[in-house]
Amino acid sequence: MKWIKNRVIKIKKWDKDYCSIFLKNNISSFLGGQFTKLAFKSNDKFDYRYYSFINSNKDKNLEFFLKKIKNSYFSNLLFNLIPNDIIYISKYSYGNFIINNINKKKILWMLSIGTSISPLLSILKSNLSYIKENFKKIFFLYGIKYMDKIFYLNDLLYLKKKYGFNYLNLFFSLSREKKKLNVKKFNFINGYINDFFLMKSLGKYINNNNYYMVSGNFKMVNNICDILKNNFLIKKENISIEKY
């Protein structure tokens, strides 16, 4: 394992539970959608965890989006970092959740919840030309608890403008939002992402002429994949998953 010493450039605290960490991009090249290892060194030993990039593979800084877990020693260490603190990062990156590996289809579906939005944003930021050459449009579905937890909304709106307003279609499912949403600019529903996914208005676009990238926790990924395979008879070769 080749570890590279790094210093924290910036920490952005979104709220008491979520933050983004910015590091210098001094590692080997990676592909959008991949992940790496972040580590702390103690007594010549490295304690590490895996984190996906949220930035483009061309950016000069690396960015990681994470949630502080109450009883997680490691996530609390990351959450409490300040600029100039030392952290280690793997020289190399990993993972096959990348755009180059998938079948070229009419519509590219991207589905995620919470911090698992990271690899999908990295893919969109890194592969605009390739995606537009090989897909007619994107349906991007993001599940979150509350409307004010869509921390990367500005990034999504910037990408929507960059790809084309009719090309990148954004949808949001809010599982715990009590307010009824009436925002014409966005496609919101109160409910879980699987509820949104089964809407009649979208169901007509779910078939084997399209490709599905699903990123989330084990329960969410398994649930969506079961819906795709059992309800819509989607072949496994038309689905890529990344489990958090």
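Above: the structure in question.
Here the structure is a predicted model, which means the values were calculated and not measured.

Calculation notes
Residues numbered from 1 in each chain as written. Predicted model: local features only at pLDDT ≥ 70, side-chain atom pairs only at ≥ 80, totals over all residues. Heavy atoms only, no water. Salt bridge = Lys/Arg side-chain N within 4 Å of Asp/Glu carboxyl O. Buried < 20%, exposed > 50% of the residue type's maximum accessible area, 1.4 Å probe, protein only. Phe/Tyr/Trp six-rings, centres within 6.5 Å; stacked < 30°, edge-to-face > 60°. Helix = DSSP H or I, 4+ residues; strand = E, 2+ residues; numbered from the N terminus. Lys NZ or Arg CZ within 6 Å of the ring centre and 35° of its normal. Pairing = 2+ DSSP bridges. Axes fitted to C-alpha atoms, helices over the stretch in contact; angles between N-to-C directions. Right-handed = clockwise from strand over helix to strand, strands pointing away. Core = buried A, V, L, I, M, F, W, Y, C linked by side-chain atoms within 4.5 Å. Contact = heavy atoms within 4.5 Å.

**Q** An account of the pattern of salt bridges is needed here, citing residue identities and associated values.
**A** Scanning the entire structure with this criterion turns up 5 salt bridges. A salt bridge links Lys-41 to Asp-44; the nearest nitrogen and oxygen atoms lie 4.0 Å apart. By relative accessible area, which is 67% here, Asp-44 ends up exposed. Here Arg-49 ties to Asp-47 by a salt bridge, and the two come within 2.8 Å at their closest N and O atoms.

**Q** For the packing of aromatic side chains, give the residues involved together with the corresponding values.
**A** Any pair of aromatic rings gets described here by the distance separating the centres and the angle formed by the planes. Tallied over the full model, the rule gives 21 aromatic pairs. Look at Trp-14 and Tyr-152: their rings are 5.2 Å apart centre to centre, the planes differ by 55°, and that puts the pair in the tilted class. Of this pair, Trp-14 sits in the loop between β1 (3-13) and β2 (18-24) while Tyr-152 sits in the loop between β8 (137-144) and α4 (153-163), and the two are 138 residues apart along the sequence. Here Trp-14 falls in the partly exposed class, since its relative accessible area comes to 22%. Under the relative-accessibility criterion, Tyr-152 is labelled buried at 3%. Taken together, Trp-3, Phe-35, Phe-46, Tyr-48, Tyr-50, Tyr-88 and Tyr-94 form an aromatic cluster joined through their ring pairs. The residue whose ring lies beneath Lys-10 is Phe-22, and the NZ or CZ to ring-centre distance is 4.5 Å. We note Lys-13 situated over the ring of Phe-79; from NZ or CZ to the ring centre the distance is 4.6 Å.

**Q** Describe the sheet that holds strand β7 (residues 107-113), with residues and values.
**A** Spatial ordering of the open sheet is given by β10-β9-β8-β7-β11-β12, a layout of 6 strands whose pairing is parallel. Either end of the sheet is taken by a strand with one partner, and the two such strands are β10 (187-190) and β12 (239-243). Between one strand axis and the next, the sheet turns through 15° on average, direction left out of account. Of the strand pairs in this sheet, strand β9 (residues 168-174) and β10 are connected by 4 bridges, and their pairing is parallel. Pairing of Leu-174 across the sheet is with Asn-190, part of β10.

**Q** Run through the pairing of β8, naming residues and quoting values.
**A** Among the 8 residues of β8, 7 are classified as buried, and the element is accordingly described as predominantly covered. Pairing of β7 with β8 involves 7 bridges; the strand directions are parallel. Bridging across to β8, Ile-107 finds its partner in Lys-137. Where β8 and β9 come together, 7 bridges link them in parallel fashion. Pairing of Gly-143 across the sheet is with Ser-173, part of β9. Note on the crossover from β8 through α4 to β9: the handedness is right-handed.

**Q** Any chance you could break down the nonpolar core for me, citing the residues and the numbers?
**A** Of all hydrophobic cores here, the largest spans 33 residues; its most connected members are Leu-108, Met-110, Ile-131, Ile-138, Phe-140 and Met-213. The set of elements that each furnish at least two residues to this core consists of β7, α2 (118-126), β8, α4, β9 and β11 (211-216). In contact with Ile-131, other than residues within four places in its own chain, are Ile-99, Ile-123, Leu-124, Ile-138, Tyr-163 and Tyr-167. The next biggest cluster of nonpolar side chains, apart from the first, holds 22 residues, and it includes Tyr-212, Met-220, Ile-234 and Ile-239.

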